[in-house]
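# Reading the structure
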Amino acid sequence: MKIALELTSALDGKSRTIVAAFPDFIAFEGKFNRSVAKFETELTLTDLAYLGWHAEHRLKKTGLDFESWCVEIESLSLGDANDGVIVPLEISQPIG
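Residues numbered from 1 in each chain as written. Predicted model: local features only at pLDDT ≥ 70, side-chain atom pairs only at ≥ 80, totals over all residues. Heavy atoms only, no water.

By the definition in use, this model includes four salt bridges. In this structure, the salt-bridge partner of Glu 56 is Arg 16, at a minimum N-O distance of 2.6 Å. With Glu 56 in helix α3 (residues 45–58) and Arg 16 in strand β2 (residues 15–20), this pair connects stretches of sequence that are 40 residues apart. We classify Arg 16 as partly exposed; its relative accessible area is 30%. (Salt bridge = Lys/Arg side-chain N within 4 Å of Asp/Glu carboxyl O. Helix = DSSP H or I, 4+ residues; strand = E, 2+ residues; numbered from the N terminus. Buried < 20%, exposed > 50% of the residue type's maximum accessible area, 1.4 Å probe, protein only.)

Below, the structure is given as structure tokens:
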């Protein structure tokens, strides 16, 4: 499961795509005590923001806490998962 998020910085207006992946969903469930299975009917902007923040934090693209990170985001929307960059650790290594 992955969700691509388009983020626009409030500081410089630049857009970037971040892909929330399995570890981010697990962290979400632990933090909010809600199943991601309920996203279909109960998805909030805070849910998406937390996934975006956690993904950037996990990938060491931000050292900010969640609240501080939110202040630096001008807009957030669902993106195209194909636009997201997959880091090398998420790519299967060739066998043989």
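A regular strand places its side chains on the two faces of the sheet in alternate fashion. Burial runs high along strand β1 (residues 3–9): six of the seven residues are buried. Sheet topology places β1 next to β2; six bridges connect them, and they run antiparallel. Looking across to β2, one finds that Leu 7 is bridged to Arg 16. The pairing of β1 with strand β3 (residues 73–78) spans five bridges and is antiparallel. Among the inter-strand pairings, Glu 6 is bridged to a residue of β3, identified as Ser 77. (Pairing = 2+ DSSP bridges.)

Our focus in this paragraph is the confidence of the model for the protein chain. Here the protein chain averages 87 in pLDDT, while 84% of its residues score no lower than 70. The secondary structure element of the protein chain with the lowest average pLDDT is helix α2 (residues 39–42), at 86, and the one with the highest is helix α4 (residues 66–71), at 96. Here residues 84–89 is modelled with pLDDT under 50, and outside its nearest four sequence neighbours on either side it reaches seven contacts, counting other chains as well. (pLDDT = per-residue confidence, 0-100. Contact = heavy atoms within 4.5 Å.)

Along the chain, the position of Glu 29 falls in helix α1 (residues 22–32). Look past the residues within four positions of Glu 29 in its chain and what remains in contact with it is Arg 34, Ser 35 and Val 36.

What follows covers the environment of Phe 39. By secondary structure assignment, the location of Phe 39 is in helix α2. Of the residues examined, Phe 39 reaches a relative accessible area of 9% and is grouped as buried. Discounting chain neighbours no more than four positions away, the residues touching Phe 39 are Ile 3, Phe 25, Phe 28, Arg 34, Asp 47 and Leu 51.

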